[in-house]
Amino acid sequence: FRSASIHAGPWPYGCISVEIMDRCWSGVRSRALRRRHNSIHEMMMSPLLEKFCRFVAVGLACAVLFFAINYSLKRVFNFGQFISLAATYTICFWIGYISQRQFAFRANTLHRRSLPRYLTLHFFGMLFVYYFTQWIQLSFNLGSMSSSLVATGLAGIASFIVSLTWVFRSPDTPLGAETRK
């Protein structure tokens with residue numbers, strides 16, 4: 001069959017051209033019309049950006065799941081605030097850990113190494129967000145919505161950096177190598 005792909009040269013000097021590549025049944029590609037150009041995907045998506053996008057996708061999915069479970073436990077099953085939050089956090093913690101490890105960071109670290117680190121990250125992250133939200137509300141006279149948005153953004157960025165460089169980093173990987181995978 002035939003497929004089209006868009007290729008571009010080094011930005012801003014390269015022109016964008018559409019190439020038609022022949023593929024035979026064995027999956028072997030014939031020569032592209034222009035071999036020097038990189039695909040747009042390769043130019044735009046660095047390994048670090050790919051990990052960040054997957055991290056955000058998992059985070060958004062976990063946030064929606066957290067809301068749905070918490071709301072259902074409180075409204076449908078009439079659980080109290082503490083019980084519903086504890087159950088919801090426990091469920092979403094495990095889903096988040098597996099998703100971040102397997103999908104977002106595609107880590108090959110052992111669970112006995114990454115799981116305690118992930119738990120530590122979330123424990124101290126929870127304390128940090130609590131005290132930071134209290135401080136920002138008092139210091140800058142922000143409302144609860146504004147301070148929550150700032151705290152959520154800061155916690156997300158900090159969580160990504162700590163997960164990338166500590167939680168899911170393989171022990172044999174140099175510190176800067178995560179951005180080159």
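About the criteria used
- Residues numbered from 1 in each chain as written.
- Predicted model: local features only at pLDDT ≥ 70, side-chain atom pairs only at ≥ 80, totals over all residues.
- Heavy atoms only, no water.
- Core = buried A, V, L, I, M, F, W, Y, C linked by side-chain atoms within 4.5 Å.
- Buried < 20%, exposed > 50% of the residue type's maximum accessible area, 1.4 Å probe, protein only.
- Helix = DSSP H or I, 4+ residues; strand = E, 2+ residues; numbered from the N terminus.
- Contact = heavy atoms within 4.5 Å.
- Salt bridge = Lys/Arg side-chain N within 4 Å of Asp/Glu carboxyl O.
- Patch = residues over 30% accessible without salt bridge, like charges linked within 9 Å, V, L, I, M, F, W, Y side chains within 5 Å.
- Areas by Shrake-Rupley, 256 points an atom, 1.4 Å probe, with all protein chains shown as cover.

Bringing the nonpolar core into the picture now. Membership of the largest hydrophobic core comes to 14 residues, with the highest contact counts inside it found for Phe-55, Ala-104, Phe-105, Tyr-118, Phe-160, Val-167 and Phe-168. Listing elements by their share of this core, those giving two or more residues are helix H2 (47-76), helix H3 (81-104), helix H4 (111-140) and helix H5 (144-167). Beyond its immediate sequence surroundings of up to four residues, Val-167 is in contact with Thr-109, Ser-114, Arg-117, Tyr-118, Leu-121 and Val-162.

This brings us to the pattern of salt bridges. Tallying each qualifying case throughout the model produces one salt bridge. Taking the shortest distance from any N to any O, the salt bridge between Arg-54 and Glu-50 comes out at 3.7 Å. Within this pair, Arg-54 and its partner Glu-50 are both found in helix H2, separated by four residues, close to a single helical turn. For Arg-54, a relative accessible area of 12% corresponds to the buried category.

A cluster of nonpolar side chains, Phe-123, Phe-124, Met-126, Leu-127, Tyr-130 and Tyr-131, forms an exposed patch at the surface whose accessible area comes to about 660 Å². Tracing the backbone shows Met-126 in helix H4.

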